[in-house]
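# Descriptive structure summary
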Amino acid sequence: MSSPSPVWRNWAGNQHAAPRRVVTPRSAEEVGAAVTAAADDGLTVRMVGTGHSFTGAAVTEGVLLRPEGLTALRSVDADAGLVTAEAGMTLRAFNEHLAAHGLALANMGDIQEQTLAGATQTATHGTGREAAGLVSQIAGLELVLADGTTVTCSRDERAELFDAARAGLGSLGVVTAITWHTVPAFVLEAREEPMRWEAVLEGLDDLAAANEHFEFYWFPHTDGCLTKRNNRVAGPAEPLPAFRRWLDDEFLSNSVFGLANRIGSRFPGTIPAINGISARALGARTYRDRSDRVFTSPRRVRFKEQEYAIPREELADALREVRSVIERSGRRIGFPIEVRLLPPENPWLSMAYGRDSAFLAFHVFHSSAHEGYFRDVEEVLTALGGRPHWGKLHTRDAAYLEGVYPRFGDFLALRDRLDPERRFANAYTTRIFGK
């Protein structure tokens, strides 16, 4: 008997699902009905987003819930900065709603295609000195539990569920709406410029302290880095000219970069030279724009990714060891390695829980093998107590994760109480949380 054809694939194309049923609910009540019907039939339930996770977090063989019916903006309290939107709304649409009301998120990651629930359930983050990731900006959640009931939680209501479910991978319930702490809209000045490897590593502390949002990319097989410093300014916005924006963000960063990766994938020996050209091509630029337009950028070259959070103080030594591992392996790595910083967060499964953290992200072209490269750098970072990003490829299991998350056992105990039959489980959550 042949297997059913997949009806859902993720953005990178490395995960797919062929569920028994697909449901597009339009309210929390309809989500509850779908969960109850799944229980009657002995099926599991997962809500997908836009597929920007590289792990199997959204995969199900049971009932797949699609997010397109849960996209409403429910309420805006501009004076209090509290905004409630349904879980299937994309970050891009949410940012437009916020801007129309003179509001913004304090910090973001570098893309805005994800759904609100998908981004937060995997603890998506940006880089920040004081402003933390998306999960730290949540004021309240509405979610449907395994028994089909709808509950809400916040710091003042079901606080334990709130701290567990803000980054819960959909394992405690299906998130149907999120209330956000927002801030008045602001303008960011972006300063991007190349720096040499040793200058960046030796100046890390100063660069991080002097900028509200600092990150950098290192191009393997070179000494070239591209640094990004984003800081609030009074305005007005002074965006890049349309041609420069197209040249840098579309032509060089997507069209040319995509071609370079196709060439490098077929002829790996060309990668060091290509990386050297790339490190020089993306030169210095400064501009000012609405915050979400500075935080995010288009990503059209498809890739697979692994990312780990390590203690901030380990960053420089970890990068030197990663570079040494790459050089010893003889592998040719075409994508730059991305480094971001984040202050401590308190949701139990945030990768930055309880500590100043540095995030190291590793990419390969979507059609290229990733296993050896990711395994090698994973060994370096797990030796430092690294925590894998929940939506990005890794090999860790519950036995390892319990040792690096202080509240991991509390999360599992709450999961046992809320979902004893594992209605929301799949192969990925079983590996990382156990049975």
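Just so you know, these numbers come straight off a predicted model, no measurement behind them. (Residues numbered from 1 in each chain as written. Predicted model: local features only at pLDDT ≥ 70, side-chain atom pairs only at ≥ 80, totals over all residues. Heavy atoms only, no water.)

## What to know about the side chain of S154
Relative to the assigned elements, S154 resides in strand β10 (residues 150-154). Residue class for S154 comes out buried when judged on its relative accessible area of 16%. Once residues within four sequence positions are removed from consideration, S154 is found in contact with A139, G140, A159 and F162. (Helix = DSSP H or I, 4+ residues; strand = E, 2+ residues; numbered from the N terminus. Buried < 20%, exposed > 50% of the residue type's maximum accessible area, 1.4 Å probe, protein only. Contact = heavy atoms within 4.5 Å.)

## Side note on the pattern of salt bridges
Throughout the structure, instances matching the rule amount to 34 salt bridges. Notably, a salt bridge pairs E321 with R328, separated by 3.6 Å at the nearest N-O pair. Here R328 falls in the exposed class, since its relative accessible area comes to 58%. What emerges from the salt-bridge pattern is a single network uniting E305, E307, E338, R340 and K392. (Salt bridge = Lys/Arg side-chain N within 4 Å of Asp/Glu carboxyl O.)

## What to know about the sheet that holds strand β13 (residues 187-196)
Judged by pairing direction, the sheet is antiparallel, and its eight strands sit side by side in the order β16-β13-β15-β14-β18-β19-β17-β20 without closing on themselves. Strands at the two margins of the open sheet, each flanked by one partner only, are β16 (285-290) and β20 (387-388). Taken together, the five bridges between strand β18 (residues 337-342) and strand β19 (residues 357-365) define a ladder with antiparallel strand orientation. Counterpart to L342 in the pairing with β19 is S357. (Pairing = 2+ DSSP bridges.)

## Side note on the environment of W218
Of note, W218 is situated in strand β14 (residues 213-218). What makes W218 buried here is its relative accessible area of 2%. In this structure, the C-alpha to C-alpha distance between W218 and R323, residues 105 residues apart in sequence, is 9.8 Å. What W218 contacts, discounting residues up to four positions off in sequence, is W197, G224, C225, R323, I326, P336 and I337. Among the polar contacts made by the side chain of W218, one reaches the main-chain carbonyl oxygen of T222 at a distance of 2.8 Å. (Polar contact = N/O pair within 3.5 Å; in protein donor to acceptor, adjacent residues only side chain to side chain.)

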